[in-house]
Structure formats: structure tokens, C-alpha cells
Amino acid sequence: MAVDRRRGYYDEARETMSPSVRRQYQSTWLGELIALAWERAPGMRRRLKAAGLGVGDLRDPDSLAKLPVMKKSQMPDLQQADPPFGGFCTVPLGKLRRIFRSPGPIYEPMGPETGGFHAETGYYAGGFRPGDVVLQTFSYHLVPAGHEIDESLQLVGCVVVPSGTGNTETQIEIAKSVGATGFVGTPSFLMTLLKRADEIKAGRLPFEVAQVGAEALPESLRRSLEDDYGVMTRQGFGTADIGMIAYECVEKTGMHLVDEAIVEVCDPGSGQPLPVGQIGELVATVNNRTYPMVRFGTGDLTVLTDERCPCGRTSARMLGWRGRADEVTKVRGMFIHPRQADEVAARVAGVVRHQVVVGREGHQDTLTMVIELGPDAAAENARPALEAAIRDIMKLRGSVEVVPSGTIQEGAKKIDDRRTWD
Ligand SMILES: [Zn+2]
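Heads up: these notes are all about the structure in this document.

Reading the values: the criteria
Residues numbered from 1 in each chain as written. Predicted model: local features only at pLDDT ≥ 70, side-chain atom pairs only at ≥ 80, totals over all residues. Heavy atoms only, no water. Helix = DSSP H or I, 4+ residues; strand = E, 2+ residues; numbered from the N terminus. Buried < 20%, exposed > 50% of the residue type's maximum accessible area, 1.4 Å probe, protein only. Pairing = 2+ DSSP bridges. Right-handed = clockwise from strand over helix to strand, strands pointing away. Axes fitted to C-alpha atoms, helices over the stretch in contact; angles between N-to-C directions. Contact = heavy atoms within 4.5 Å. Expected span 1.5 Å × (residues − 1). Phe/Tyr/Trp six-rings, centres within 6.5 Å; stacked < 30°, edge-to-face > 60°. Lys NZ or Arg CZ within 6 Å of the ring centre and 35° of its normal. Donors = N, O, S within 2.8 Å, 3.2 Å for Na, K, Ca; no water. Tetrahedral: all angles 85-135°; square planar, octahedral: opposite > 155°, others 65-115°.

1. Some words on unusual backbone geometry
- Here the bond from proline 83 into proline 84 is cis, since omega is -5 degrees, no more than 30 degrees from zero.
- Relative to the helices and strands, proline 84 is located in the loop between α4 (75–81) and β2 (98–102).
- Proline 105 follows glycine 104 through a cis peptide bond whose omega is -5 degrees.
- Structurally, proline 105 can be placed in the loop between β2 and β3 (106–110).
- Unlike most non-glycine residues, lysine 201 shows phi in positive territory, near 55 degrees.
- Relative to the helices and strands, lysine 201 is located in the loop between α8 (187–199) and β7 (209–212).
- We note that lysine 252 has phi near 55 degrees; this positive angle belongs to a residue other than glycine.

Right, here's the structure in full:
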């Protein structure tokens, strides 16, 4: 009988909690986590004290905003001052199972407890089932991905083939020999394996389901993996520091947040949470009792939605990765990003080049999208369509100026901030 990869939950009660029950659930683990960190993680105690906070001050998700964000970019210095983990590990070194070193350099501990990476919920939601034999092609040395994902797959009940990166033809041979139904790795490597198997006439690879990450998954690539090769392909979002905090379900409508992470989208400058629907920096607090990352600023930009997902899961969803926080510009209180400018331009046919110009008139910011049109495009059609796209994507009112071909320089900045403040 065929496996049903589209229905069911890893933990139904948790994944379908009502907002008030989820808030209670997260408040409970947050309170326990802060108490533990206060007692055993001197780095965390230093942070709380510096903010004038005591152990009882962070009791629920809303109260977290009292603690300044700890930026990922600060971690190498913090760890160098108090090696190896910056005072953020709650467990004596000799009790750990593994220590990783990620680029930065940043060191991460893997605790005595299992499941600290929180990827199992996402693997199940993405179609992995007990008994799947999974080729795990993320790296097994230095960075945490390989070992942490390996453990999450085993929690689901999968059989892991720890094949690591590279070695395309060996991977093809392994996948065929063991009848691998699952794949974990980058989407480009999955496509490489499938195409290479065709080229060397190795026959169809047995993959039915894939969880991909660490790079963008263009919809065109996903369509090809799913339609041409029959591999149900979902993605997750995670980093070495905070684990897998979000995953796609069968619906592909953004990435559900795991219940073991409290995710805030914040003003990259002030660190204050922004309303749902605004673009900002992803700040995560994760229930990892060995390495409690509290208000960890990833430097990545995202947007959340709390609209109900048809899959039945009730958690909010991350609407994809929207670039790095150091590339944003604030216009009338809203952050805009070069990728949003590209999204606006892509909505209208015939736009050859584009640049967003931010200016100032009196005490008001102005936003003008300057465009060059191709020979077949009509300015009177493009202008209202682009203005609507600006409202929809950037949540701002903007005007559109059509300029002659050659006006916008090759390689010009996507967002040109011409405001002066003196
Ligand atoms: Zn869903």
C-alpha cells in the first residue's frame, strides 16, 4: 500500500493548539528556560543584568521585548571573551555529545538531550514517514546540520544514510542500492543527482520525498522536481545557532513556526517587535535547554502571517526569506528591501530596468519607482499596475516615473536613498 505523505501530524495536539493554549505552552517553557539559564549560563545572566532584568521578568512571549536583541554578528566576540560558547551553554563541557564550529567562527554545543534542533515536526509535515530510507547529504563535519538532522530523522522513525556532501555518482549508487525514498540536502544537489542518473542511464532514482534547505528553492525548480521526477519537495528554515524554526506543510503556503521557538519580526535598529505583516529582522528564542538562545537576532529579514492554513496547523507562518537586515531602508516607518523592488518590477511585463528612489518633501518621505520600459510596453498601462504592486508588496504609496532607455545606470543601486537629514 502506498504511504500517505500528505495527511497527519508528528504531534497533532501541539501543532493544532489554539493561540491562547500555544501562548500558555510557550510561556511555560520560556519561564523554565530563563530560570535554568540564569542559574547555569553566566553569559545569559550577564545579559539580563545589563538590561536591569531579573529571573522573573521574562514570563511570556510579549515580555521578551524588554531584553535587547543579541545579534549573530556579536557572537564571535562574545565567545572569544568567554570560550568556547560565550557563557551561553548550561551544561559542563564533558556532558555534551558534540561540539560544532560554524563559520564566524561560532561554536555550537549539541546537548545531552535529543531533539534540540526541532526539525522532526517539519520532516513529518513535509511528507517523511517512519520507514523511509533517507540519503542525508548535508555536511557531517564542523557545522551542526548533518548530525542534528540525522537525529531528527531518527525521531520520525526514518533510516538515515549519512552520505554527506559531494560524490554524485556514489550517491546515485547508494540511493539505488538501499532504495532511498527520502532525500535531505540542497535543492540544487537533488536536481544534480536526478539529472546525472538520467545521463549515466542509471534508471529512475527511488526518491519520493525531499526536504531541502540552505539555499533558495525557486518555484520553477520545485515544479520540475515534483512534476518531472515525482519527488514531493518541501523546505525548512534554520540556522546553526537556533535549529530548524520553520517548515513547509503540504500546502506550500509559507513555513509554519515550530512551537519550541518564539519568533519575533523586529525593527533591525531598535529591536522592537513589528506588527504582523511587516518586513523585519527575524529574532528567535528557542527552547534548547543546553544552549538557550534568547532573542537571537539572525540578521535575516522575513514577514509573518497569522492567517489560518488549510492544513489544520495553527502556528503562524514565515513568508520566506527576504534578504539581509543590513540592506533595508526605512520609508515612512516601513522597511523596504531590494528584493521587494524586484518583486514589484516582476509583476508588470515590459519593465527593463528599475530603481526605487527615496526622497523627502517637507517632513514626508517620498517613494518613486523609476523604470525603463521595453519597446512594446505602454507607460499608461505600466504605471497603475506598478503603483498597485508597490502598495501590495511594500505596503506603501509610491509613484512611478518612466524614463528613457539608458537613464538608469547598469549596476545602479536597487534602492537609492537620496534623503538628507541636516
Ligand atoms: Zn499548513
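On we go from here.
2. With respect to the pairing of strand β18 (residues 364–373)
- Judged by how many residues are buried, β18 sits mostly within the fold: eight of 10 residues are covered.
- Where strand β17 (residues 351–361) lies against β18, 10 bridges are found, and the strand directions are antiparallel. Bridge pairing links valine 351 to leucine 373 in β18.
- Where β17 folds back on β18, the antiparallel hairpin that results is connected by two residues, among which glycine 362 adopts a positive phi of roughly 60 degrees.
- A crossover links β18 with its parallel partner strand β19 (residues 399–402), the connecting element being helix α11 (residues 379–394), and its sense is right-handed.

3. Let's talk about the sheet that holds β18
- Taken in spatial order, the four strands of this open sheet run β19-β18-β17-β20, and their pairing is mixed. The open sheet has two edge strands with one neighbour each: β19 and β20 (415–417). In this sheet, neighbouring strand axes are inclined to one another by 25 degrees on average, regardless of whether the strands run parallel or antiparallel.
- Relative to β17, helix α10 (residues 338–346) is tilted by about 125 degrees, and along the sheet it contacts β17, β18 and β20.
- This element, α11, spans β17, β18 and β19 of the sheet and lies at about 145 degrees to β19.

4. Some points on α8
- Here α8 is 13 residues long and its end C-alpha atoms lie 18 Å apart, about the 18 Å a rise of 1.5 Å per residue gives.
- Those residues of α8 that fall on the buried side of the exposure criterion are Pro187, Phe189, Leu190, Met191, Leu193, Leu194 and Ala197.
- Elements that come into contact with the buried residues of α8 comprise β4 (133–136), α7 (168–178), β6 (182–185), β7, α9 (219–228) and β8 (232–239).

5. Some thoughts on the packing of aromatic side chains
- In the structure shown here, the tally under the stated rule is three aromatic pairs.
- An angle of 65 degrees between the planes, with centres 6.2 Å apart, marks the rings of phenylalanine 85 and tyrosine 291 as edge-to-face. Taken together, the positions of phenylalanine 85 in the loop between α4 and β2 and tyrosine 291 in the loop between β12 (280–286) and β13 (296–305) put the pair 206 residues apart, joining distant regions of the chain.
- Owing to a relative accessible area of 4%, phenylalanine 85 belongs among the buried residues under this scheme.
- Between tyrosine 123 and phenylalanine 128, the ring centres sit 5.3 Å apart and the planes meet at 80 degrees, which makes this aromatic pair edge-to-face.
- Relative accessible area serves as the criterion here: at 0%, phenylalanine 128 is assigned to the buried category.
- Against the face of tyrosine 124 rests arginine 129, its NZ or CZ located 3.8 Å from the ring centre.

6. Re the coordination of the zinc ion
- Coordination of the zinc ion by the protein comes from Cys249 (SG), His256 (NE2), Cys309 (SG) and Cys311 (SG), over a distance range of 2.1 to 2.3 Å.
- Around the zinc ion sit four donor atoms; with metal-centred angles ranging over 106 to 112 degrees, the donor geometry is tetrahedral.
- The sequence pattern describing where the donors of the zinc ion fall on their chain is C-x6-H-x52-C-x1-C. Remark: cysteine 311 occurs in the loop between β13 and β14 (317–324) and cysteine 249 occurs in the loop between β9 (243–248) and β10 (255–257); sequence separation between them is 62 residues. No difference in accessibility class separates cysteine 249 from cysteine 311, as the two residues are buried.

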